[in-house]
Amino acid sequence: MDLSTLSLGQYTFIANAFSFGLAVMAAATLFLWFARSQVAPAYKMAVTISGLVTAIAAYHYLQIMLSWDAAFSVMNGNLEVTGYPFNQAYRYVDWLLTVPLLLIELILVMRLSRSETVSKSVWLGGAAALMIILGYPGEVAESAGTRFTFWVLSMIPFVYIVYQLVVGLKGSIGKQPENVRGLINGAATLVVISWLFYPIVFLFPLIGLTGGAAITAVEVGYTIADIVAKAVFGILILVIAMRKSEAEANAQA
Ligand SMILES: *C/C=C(C)/C=C/C=C(C)/C=C/C1=C(C)CCCC1(C)C
């Protein structure tokens with residue numbers, strides 16, 4: 001990533017996207033944690049983890065913003081690189097922590113049997129971590145060949161996760177109460193669609209986008225995807241937890 005190809009406009013646009021990302025993640029965290037009192041004890045863990053994911057992301061967006069700021073200086077309206085590298089590892093460490101937790105949110109809100117909860121969390125969470133670890137060497141590689149090789153490797157666990165969400169969870173979703181079946185299907189679909197963004201954004205520099213335009217597309221693209229995959233998804237998990245709590249309280253009354 002050659003930072004000196006950025007225009008002042010592109011630099012500012014990316015800085016604004018990071019700032020927006022931080023604001024959304026921090027607000028979502030407060031909202032989710034305060035709303036935790038609205039759900040039955042069985043669903044509190046799912047909502048706690050939803051807020052934890054956005055909290056981890058808010059912290060990393062702050063670090064990303066600081067690293068972005070340190071990498072540039074503006075002199076008389078001209079953008080200069082300081083030589084201090086923009087640290088991409090913040091994004092990948094964030095994903096390494098949050099991506100398995102996002103899948104666990106979905107598994108927890110389904111309230112499966114204990115053994116199913118554990119085995120699905122381990123397999124899906126493990127595949128998610130592997131996917132991120134395999135993507136990182138490609139993200140920081142200078143050569144297009146290396147970037148593409150690690151894209152292919154990372155796609156293997158990615159395809160496994162998508163298959164599990166689309167086909168593997170079908171039986172468990174069928175056993176969910178009717179008032180939330182559509183919402184849980186929607187949550188699984190939101191994961192598949194929002195996650196699909198990442199491997200596509202990753203390919204931008206390989207499909208003709210170069211220089212400042214490629215950096216802008218990748219950084220802004222990841223930020224939008226993060227907001228959908230973490231904050232919007234977290235709210236959806238909260239809504240499912242509230243509906244299930246309500247239905248279970250009515251069934252008991
Ligand atoms: C909150 C962050 C989320 C949901 C991040 C998800 C990230 C991915 C689904 C990344 C996938 C990748 C590939 C499938 C191949 C290329 C490398 C990655 C890591 C961008």
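An unreviewed UniProt entry annotates the protein chain as Bacteriorhodopsin-like of Spiribacter onubensis. The protein chain has a UniProt comment under Sequence similarities (unreviewed entry) that states "Belongs to the archaeal/bacterial/fungal opsin family." Among the UniProt annotations of the protein chain, the heading Subcellular location (unreviewed entry) holds the following wording: "Membrane".

Where helix α5 (residues 144–168) meets helix α7 (residues 178–203), the closest approach of the two axes is 11 Å, and the angle between their N-to-C directions is 175°. Here α5 lies roughly antiparallel to α7, going by the angle between them. In contact with R147, F148, W151, M155, F158, I161, V162, L165 and V166 of α5, α7 contributes A188, V191, V192, W195, L196, P199, F202 and L203. A class-by-class count of the residues in the contact of α5 with α7 yields 16 nonpolar, no polar and one charged.

Quick look at the packing of aromatic side chains now. Using the criterion set out here, one finds 13 aromatic pairs in the structure. On the basis of an interplanar angle of 15° and a centroid distance of 5.7 Å, the ring pair of F148 and W151 is categorised as stacked. With F148 and W151 both in helix α5 and three residues apart, this pair spans about one turn of that helix. Among the aromatic side chains, those forming a connected cluster through ring pairs are Y11, F18, Y61, W68, F72 and F86. Positioned above the aromatic ring of F202, the side-chain terminus of R147 is 4.2 Å from the ring centre.

Okay, the nonpolar core next. If you look at the biggest cluster of nonpolar residues, it comprises 53 residues, and the most contacted ones within it are L103, L106, I161, L165, W195 and Y222. Contributing elements (two or more residues each) for this core: α1 (8–35), α2 (41–71), α3 (89–110), α4 (114–139), α5, α7 and α8 (211–252). Per element, the largest residue contribution to this core is eleven residues, and it comes from α7. Core analysis: the second largest hydrophobic core is formed by 18 residues, Y11, Y61, W68 and I215 among them.

Moving on, we get to the pattern of salt bridges. If the charged atoms of two oppositely charged side chains come close together, the side chains can form a pair. By the definition in use, this model includes six salt bridges. Between D94 and K230 there is a salt bridge, and its shortest N-O distance comes to 3.7 Å. With a gap of 136 residues between them, D94 in helix α3 and K230 in helix α8 connect regions that are remote in the sequence. You'll find D94 and K230 in the same group, each marked buried. E139 is the partner of R147 in a salt bridge, and the nearest nitrogen-oxygen pair spans 3.0 Å. In the salt-bridge network here, residues are joined through shared partners; they are R91, D94, E219, D226 and K230.

With that out of the way, let us pick up empty space enclosed by the protein. Leftover empty space is mapped by rolling, across the atoms, a probe with the size of a water molecule. The full count for this structure, using the stated rule, is one cavity of 30 Å³ or more. In this structure, the largest cavity encloses a volume near 280 Å³. What lines the largest cavity is a set of 19 residues, and nearest its centre among them are W95, M131, I132, Y198 and P199. For the lining of the largest cavity, the per-class residue count stands at 16 nonpolar, two polar and one charged.

Cut-offs applied
Residues numbered from 1 in each chain as written. Predicted model: local features only at pLDDT ≥ 70, side-chain atom pairs only at ≥ 80, totals over all residues. Heavy atoms only, no water. UniProt positions renumbered as here; feature names shortened; annotations may be inferred. Axes fitted to C-alpha atoms, helices over the stretch in contact; angles between N-to-C directions. Helix = DSSP H or I, 4+ residues; strand = E, 2+ residues; numbered from the N terminus. Parallel < 35°, antiparallel > 145°, perpendicular 65-115°, else oblique. Contact = heavy atoms within 4.5 Å. Nonpolar A, V, L, I, M, F, W, Y, C, P; charged D, E, K, R; others polar. Phe/Tyr/Trp six-rings, centres within 6.5 Å; stacked < 30°, edge-to-face > 60°. Lys NZ or Arg CZ within 6 Å of the ring centre and 35° of its normal. Core = buried A, V, L, I, M, F, W, Y, C linked by side-chain atoms within 4.5 Å. Buried < 20%, exposed > 50% of the residue type's maximum accessible area, 1.4 Å probe, protein only. Salt bridge = Lys/Arg side-chain N within 4 Å of Asp/Glu carboxyl O. 1 Å grid on protein atoms, 1.4 Å probe; cavity = no way out; pocket = protein on both sides within 12 Å on 5 of 7 lines; lining within 4 Å. Points joined across faces, edges and corners; volume = space filled by probe spheres on them.

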